[in-house]
Amino acid sequence: SGRPLSEIRDEIGIEHDSFVYLNIGRLDPQKNHAAMIAAFRELAIKEKDVCIIFVGIGSHEDRIKASAEQSGVSDRIFFLGRRSDIGDLLALADVYVFPSFFEGLPVALIEAMSQSLPCISSEIRVVQEVMVNNESGLLIDPGSVDDLVAAMNELFKNRELRERLGRNAHRVAMEKFSISANVTKWEDMYKTIAAQH
């Protein structure tokens, strides 16, 4: 929709100079919100102008929101539920965070990459098909909060790295997944993944 980002920040209640981490996905255990909240807490205790946005609903919503409440930094953790303005939220974000334990096709991640967002993702096979560590994103061990903190901190501090990863992510997403590159690649990828199980 291309609404002014300042308007969206006001609506959500985010400071205008705040650095935004974004995650889009069901509020389910596989998506690893626990690690994101723990990592964000560690970062937010040191850095005042950071926040994290979660988009999605799911079976563990109450539990995840409760852990955010207990984090001590809940004023900078935002749960937006279902949204129809994903493009605007991707434009608003500085970094996309995706530490899932497992995934089918990581559509939300590919969408973020296509918008030139620097991404932090778990090093799982389906992501390794689209992302090379330190080239088109930062890959982390989804079981390690320390890994996630380090990656989130690195991207917060290093604008040059953000820009490079974002550029490369965009290029990869366009090469591999632009609609003109057609559906056969998606199908091949599904087949590859299916064969690995």
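So, here is what we can say about the structure in this document.

Procedures and definitions
Residues numbered from 1 in each chain as written. Predicted model: local features only at pLDDT ≥ 70, side-chain atom pairs only at ≥ 80, totals over all residues. Heavy atoms only, no water. Helix = DSSP H or I, 4+ residues; strand = E, 2+ residues; numbered from the N terminus. Expected span 1.5 Å × (residues − 1). Buried < 20%, exposed > 50% of the residue type's maximum accessible area, 1.4 Å probe, protein only. Patch = residues over 30% accessible without salt bridge, like charges linked within 9 Å, V, L, I, M, F, W, Y side chains within 5 Å. Areas by Shrake-Rupley, 256 points an atom, 1.4 Å probe, with all protein chains shown as cover. Salt bridge = Lys/Arg side-chain N within 4 Å of Asp/Glu carboxyl O. Lys, Arg positive; Asp, Glu negative; His and termini not counted. Charge placed at Lys NZ, Arg CZ, Asp CG, Glu CD. Contact = heavy atoms within 4.5 Å. Phe/Tyr/Trp six-rings, centres within 6.5 Å; stacked < 30°, edge-to-face > 60°. Pairing = 2+ DSSP bridges. Right-handed = clockwise from strand over helix to strand, strands pointing away. Core = buried A, V, L, I, M, F, W, Y, C linked by side-chain atoms within 4.5 Å.

## Notes on helix H2 (residues 33–46)
Item 1. Over its 14 residues, H2 runs 20 Å from end to end, which matches the ideal 20 Å to within 8%, given 1.5 Å per residue.
Item 2. Those residues of H2 lying buried are His33, Ala35, Met36, Ile37, Ala39, Phe40, Leu43 and Ala44.

## Let's talk about unusual backbone geometry
Item 1. Here the phi dihedral of Asn32 falls at roughly 70°; this positive angle occurs in a residue that is not glycine.
Item 2. The phi dihedral of Ser116 falls on the positive side, at around 65°, and the residue is not glycine.
Item 3. For Ser116, the location among the structural elements is in the loop between helix H5 (107–114) and strand S5 (119–122).
Item 4. By relative accessible area, which is 34% here, Ser116 ends up partly exposed.

## Considerations on a negative patch on the surface
Item 1. On the surface, Glu42, Glu123, Asp141, Asp146 and Asp147 cluster together into a patch of negative charge.
Item 2. With respect to the element layout, Glu123 can be found in the loop between S5 and helix H6 (125–128).
Item 3. Look at Glu123 and you get partly exposed, because its relative accessible area is 44%.

## Focus on the environment of Ala112
Item 1. Residue position: Ala112 is located in helix H5.
Item 2. A relative accessible area of 0% places Ala112 in the buried class.
Item 3. Remark: the alpha-carbon pair of Ala112 and Ile86, spanning 26 residues in sequence, is separated by 9.6 Å.
Item 4. In this structure, Ala112 is in contact with Leu90, Tyr96, Leu117 and Cys119, ignoring residues within four places of it in sequence.

## Digging into the pattern of salt bridges
Item 1. In the structure shown here, the tally under the stated rule is 11 salt bridges.
Item 2. Of the charged contacts in the structure, one is a salt bridge between Glu11 and Arg3, with a shortest N-O distance of 3.1 Å.
Item 3. Residue Arg3 is classed as partly exposed on the basis of its relative accessible area, which comes to 27%.
Item 4. With a shortest N-O distance of 2.7 Å, Lys31 and Glu103 are connected by a salt bridge. Separated by 72 residues along the polypeptide, Lys31 in the loop between strand S1 (19–24) and H2 and Glu103 in the loop between strand S4 (95–98) and H5 bring together distant segments of the chain. Accessibility classification places Lys31 together with Glu103 in one group, the buried group.

## Comments concerning the packing of aromatic side chains
Item 1. Going through the model one piece at a time under the given rule, you end up with four aromatic pairs.
Item 2. The interplanar angle of 90° and the centroid separation of 5.0 Å between the aromatic rings of Phe19 and Phe156 together place this pair among those described as edge-to-face. Pair noted here: Phe19 is in strand S1 and Phe156 is in helix H7 (residues 145–157), with a separation of 137 residues, a long-range link. Exposure class is identical for Phe19 and Phe156. Each is buried.
Item 3. Between Phe54 and Phe79 the ring centres are 5.3 Å apart and the planes differ by 25°, which places this aromatic pair in the stacked class. One end of the pair, Phe54, is in strand S2 (residues 50–55); the other, Phe79, is in strand S3 (residues 77–81), and 25 residues separate them in sequence.
Item 4. The exposure class of Phe54 is buried, given its relative accessible area of 1%.
Item 5. Taken together through their ring pairs, the aromatic side chains of Phe19, Tyr21 and Phe156 make up a single cluster.

## Structural notes on the pairing of S2
Item 1. Within S2, six of the six residues are buried, leaving the element largely enclosed by the surrounding structure.
Item 2. With six bridges joining them, S1 and S2 adopt parallel strand pairing. Each bridged residue has a counterpart across the sheet, and for Asn23 the counterpart in S2 is Phe54.
Item 3. Viewed along the sheet, the connection from S1 through H2 into S2 turns out right-handed.

## Some remarks on the nonpolar core
Item 1. If you look at the biggest cluster of nonpolar residues, it comprises 33 residues, and the most contacted ones within it are Ile12, Leu22, Ile53, Tyr96, Leu109 and Met113.
Item 2. Non-local contacts of Tyr96, meaning those with residues more than four positions away in its chain, are made with Leu22, Asn23, Ile24, Leu90, Ala108, Leu109, Ala112, Leu117, Pro118, Cys119 and Ile120.
Item 3. One finds Leu43, Val73, Ile120 and Ala151 within the second-largest nonpolar core, a separate group that totals 30 residues.

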